[in-house]
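# Reading the structure
Each chain, letter by letter, is given below.
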Amino acid sequence: MKVDYSKYTDGLVPAIVQDFKTHKVLMLGFMNEEAVKKTMSEGKVTFYSRSKKRLWTKGEESGNHLLVKEIMSDCDNDTLLIKAQPLGPTCHTGADTCWSERNHQEDFLYYLEDIIELRKKSSDEKSYVKQLFGKGINKMAQKVGEEAVELVIEAKDSNDDLFLNEAADLLFHYLILLNAKGHNLESVVNILRQRHSK
């Protein structure tokens, strides 16, 4: 990887940090050659702080590190793209990104998984998801079975609206069951990818 630090008078190049899974832009920082070397050797994103006038590893105080997955330079070799795994929120405000965006995959199903996780941890006892988690794994598994049977019944009829609504109910409860078992949709997708590649 070539980086042309001489293009800027202070020797600092912009470094865009992107979540390697969701592709959301998390933050922008600046790096000099020393910061890049430390980032690559330690595996945690380290910037040069213009305010502190020193190297600064993201998360050195909060513990919300950015674990490096890949570093790339652009076509002009004067800007870096760092693909990383965030350990907690990236912004000092507590937001997922420095633009106050939720860091989730754009696919709505991944977003729905985030909502299920939030509702599970919510203090709102009126939440359907919260109530379902309170009833335990057997009840959650039973709901998946019930929704699957209802989908099969609707599949034999010609009412597309009822069929699609039952399909949505099944998928929603399936995501809840995955969460309850400590897994997520990505876990299942990875298995399908492995099978596809064989």
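Residues numbered from 1 in each chain as written. Predicted model: local features only at pLDDT ≥ 70, side-chain atom pairs only at ≥ 80, totals over all residues. Heavy atoms only, no water.

## Observations regarding a nonpolar patch on the surface
Among the surface-exposed residues, I16, V25, L28 and W99 lie close enough to one another that they form a single nonpolar patch of about 350 Å² accessible area. Within the secondary structure layout, W99 lies in the loop between strand 6 (80-86) and helix 2 (108-121). (Patch = residues over 30% accessible without salt bridge, like charges linked within 9 Å, V, L, I, M, F, W, Y side chains within 5 Å. Areas by Shrake-Rupley, 256 points an atom, 1.4 Å probe, with all protein chains shown as cover. Salt bridge = Lys/Arg side-chain N within 4 Å of Asp/Glu carboxyl O. Helix = DSSP H or I, 4+ residues; strand = E, 2+ residues; numbered from the N terminus.)

## Notes on the pairing of strand 2 (residues 25-31)
Across six bridges, strand 1 (residues 13-19) lies against strand 2 in antiparallel orientation. Its bridge partner being in strand 2, A15 is matched across the sheet by G29. The turn linking strand 1 back onto strand 2 is made up of five residues, and H23 within it adopts a positive phi angle of 70 degrees. (Pairing = 2+ DSSP bridges.)

## Observations concerning the packing of helix 4 (residues 137-155) against helix 5 (residues 160-180)
Relative to each other, helix 4 and helix 5 sit at 160 degrees, their axes nearing to 9 Å. Viewed along their axes, helix 4 and helix 5 adopt a mutual orientation that is roughly antiparallel. Crossing of helix 4 over helix 5 shows left-handed handedness. Judged by residue contacts, I137, M140, A141, K143, V144, E147, A148, E150, L151, E154 and A155 of helix 4 engage L162, F163, E166, A167, D169, L170, H173, Y174, I176, L177 and A180 from helix 5. Across the contact of helix 4 with helix 5, the residue classes tally to 15 nonpolar, one polar and six charged. (Axes fitted to C-alpha atoms, helices over the stretch in contact; angles between N-to-C directions. Parallel < 35°, antiparallel > 145°, perpendicular 65-115°, else oblique. Left-handed = near helix turned anticlockwise from the far one by under 90°. Contact = heavy atoms within 4.5 Å. Nonpolar A, V, L, I, M, F, W, Y, C, P; charged D, E, K, R; others polar.)

## Here's the deal with the packing of aromatic side chains
Aromatic ring pairs are defined here through the distance separating the ring centres and the angle between the ring planes. Evaluated as defined, the whole model comprises two aromatic pairs. Each ring, one from F108 and one from Y111, has its centre 5.7 Å from the other, and the planes form 45 degrees; the classification is tilted. Taken together, the residues span about one helical turn, with F108 and Y111 both in helix 2 at a distance of three residues. (Phe/Tyr/Trp six-rings, centres within 6.5 Å; stacked < 30°, edge-to-face > 60°.)

## Here's the deal with the nonpolar core
Ranked by internal contacts, the top residues of the largest apolar core, which has 18 residues, are V17, M31, V45, F47, L66, L80 and I82. Of all the secondary-structure elements, those providing two or more residues to this core are strand 1, strand 2, helix 1 (33-42), strand 5 (66-73) and strand 6. Core analysis: the second largest hydrophobic core is formed by 13 residues, L112, I116, V129 and F133 among them. (Core = buried A, V, L, I, M, F, W, Y, C linked by side-chain atoms within 4.5 Å. Buried < 20%, exposed > 50% of the residue type's maximum accessible area, 1.4 Å probe, protein only.)

## Some words on the UniProt feature "domain: Phosphoribosyl-AMP cyclohydrolase" (unreviewed entry) in the protein chain
UniProt records the feature "domain: Phosphoribosyl-AMP cyclohydrolase" (unreviewed entry) at residues 27-99, using the numbering of this structure. Secondary structure across residues 27-99 comprises 14% helix and 38% strand; the distance between its end C-alpha atoms is 8 Å. (UniProt positions renumbered as here; feature names shortened; annotations may be inferred.)

## Here we look at the layout of surface pockets
In this structure, the largest pocket occupies an estimated 790 Å³ of space. Looking at the largest pocket, it is lined by 25 residues, and the ones nearest its centre are N103, H104, Y110, D114 and N184. Broken down by secondary-structure element, the contributors of at least two residues to the lining of the largest pocket are strand 6, helix 2 and helix 5. The element best represented in the lining of the largest pocket is helix 2, accounting for seven residues. When grouped by side-chain class, the residues that make up the lining of the largest pocket number seven nonpolar, nine polar and nine charged. In this structure, the lining of the largest pocket is formed jointly by two domains, domain 1 (13-86) and domain 2 (108-197), each of which donates at least three residues. Considering only enclosed or pocket space, the second largest pocket measures out at about 450 Å³ in volume. Forming the walls of the second largest pocket are 21 residues, and the residues nearest its centre are M27, K52, W56, K58 and H92. Sorting the residues of the lining of the second largest pocket by element identifies strand 2 and strand 3 (46-49) as the ones contributing at least two each. The element that contributes the greatest number of residues to the lining of the second largest pocket is strand 2, accounting for four residues. (1 Å grid on protein atoms, 1.4 Å probe; cavity = no way out; pocket = protein on both sides within 12 Å on 5 of 7 lines; lining within 4 Å. Points joined across faces, edges and corners; volume = space filled by probe spheres on them. Domains from an automatic or database assignment.)

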